[in-house]
Amino acid sequence: ENYIETRGGVTELAISFAGNSKDKLFWGLSLGVPIVNYERSSVITESDATGLSQNYFDYATLRENYTSKGFGLNLKMGLIFRPVESVRLGAAIHTPTIYGLKDTYDATMETALENYNQPTSVNVKTLNEGILPEYRYDLTSPWKLMVSGSYIFGEQADTRKQKGFISADLEYVTYSTNRFRSAEQNTIEDDEYFKSVNAVVKQIYKGAVNARIGGELKFNTLMVRGGFAYYGNPYGDDALNGKRMFVSGGLGYRNKGYFIDLAYVHRITNDVSFPYRLPDKANTFADVKGTGGNVVATVGFKF
């Protein structure tokens, strides 16, 4: 049994600049500073399923608490070309984010081996001279390459008279190019360790294509919207499924500067979970399948 609870995430501050040439070619770039504040707590328990009391194993429990904090730097660049009034064509590049991170790790292992000995436990700090371990390292995230297109029905300068639009984009993410590097004073041991980590990342992951399409139809002050998104499998092994799909629909109302929007997003997700990995044994994993939905409401007005 594995119980996992996570908190936090990434908040990004951005400075952006954009311009256009004759309302035909639009360009922009953005310098981003993502701030990481993430916590993860997990309890994994393996129990004797046989019910026997003489096989020297009752249960083993590992309790882990992990935090990661830091910040990074990235650059996003994009172009939009409008060959005719109703068509938009776009392309964008998101550079890898270079993070400087500090992780802390606390864990306690408890085992009960029945007739062999009494239940015992050991904590990470006990094995580290009473100090909670900290790790400082740099992480370089993947590249993202995107192309997009859209078509506007009833293109007019007065957007109130437009009838709707359809938009689609393709995105390629180079998951296998994640790279780790020590932020401490480099040693031969550090270099060899991170070389091994990067080799495993390159072996496990691959590049994946994400696709999104959506549209809107306008009926005077009412709008109807729909969308679909597919995120490809990032794992190199076809036995591991990490695909995700999102289906959305919504209604909108606009009149005299006031607007109300209501949307529902349904998600279908697949992933795998390895509680731990062993170098000399077959590694068992769990297929994780999930469904759920979000309801989003927006109310506002424009002066």
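Definitions and limits used
Residues numbered from 1 in each chain as written. Predicted model: local features only at pLDDT ≥ 70, side-chain atom pairs only at ≥ 80, totals over all residues. Heavy atoms only, no water. Salt bridge = Lys/Arg side-chain N within 4 Å of Asp/Glu carboxyl O. Buried < 20%, exposed > 50% of the residue type's maximum accessible area, 1.4 Å probe, protein only. Core = buried A, V, L, I, M, F, W, Y, C linked by side-chain atoms within 4.5 Å. Helix = DSSP H or I, 4+ residues; strand = E, 2+ residues; numbered from the N terminus. Contact = heavy atoms within 4.5 Å. Expected span 1.5 Å × (residues − 1). Arc of directions from axis to C-beta.

(A) Representation of the pattern of salt bridges within the structure. In the structure shown here, the tally under the stated rule is 12 salt bridges. Measuring nitrogen to oxygen at the nearest pair gives 2.9 Å for the salt bridge that ties Arg7 to Glu5. For Glu5, a relative accessible area of 30% corresponds to the partly exposed category. One salt bridge in this structure joins Glu216 and Arg225, with 2.5 Å as the shortest N-O distance. Taken together, the salt bridges that share partners define one network made up of Glu216, Arg225, Arg254 and Asp261.

(B) Broad picture of the nonpolar core. Grouped together as the largest cluster of nonpolar side chains are six residues: Val36, Tyr99, Leu101, Tyr137, Leu139 and Phe194. Contributions of two or more residues to this core are made by strand E5 (98-112) and strand E7 (134-140). In contact with Phe194, not counting residues within four places along its chain, are Tyr137, Phe180, Arg181 and Ser182.

(C) Broad picture of helix H1 (residues 188-204). The terminal C-alpha atoms of H1, which comprises 17 residues, lie 25 Å apart, in line with the 24 Å expected from a rise of 1.5 Å per residue. The complete set of buried residues in H1 reads Phe194, Asn198 and Val201. Down the axis of H1, the buried side of the element spans an arc of 55°, and every buried residue falls inside it. Turned more than 90 degrees from where H1 packs its buried face, Ile188, Glu189, Tyr193, Lys195 and Gln203 sit exposed. Taken together, the buried residues of H1 touch E7 and strand E10 (179-182).

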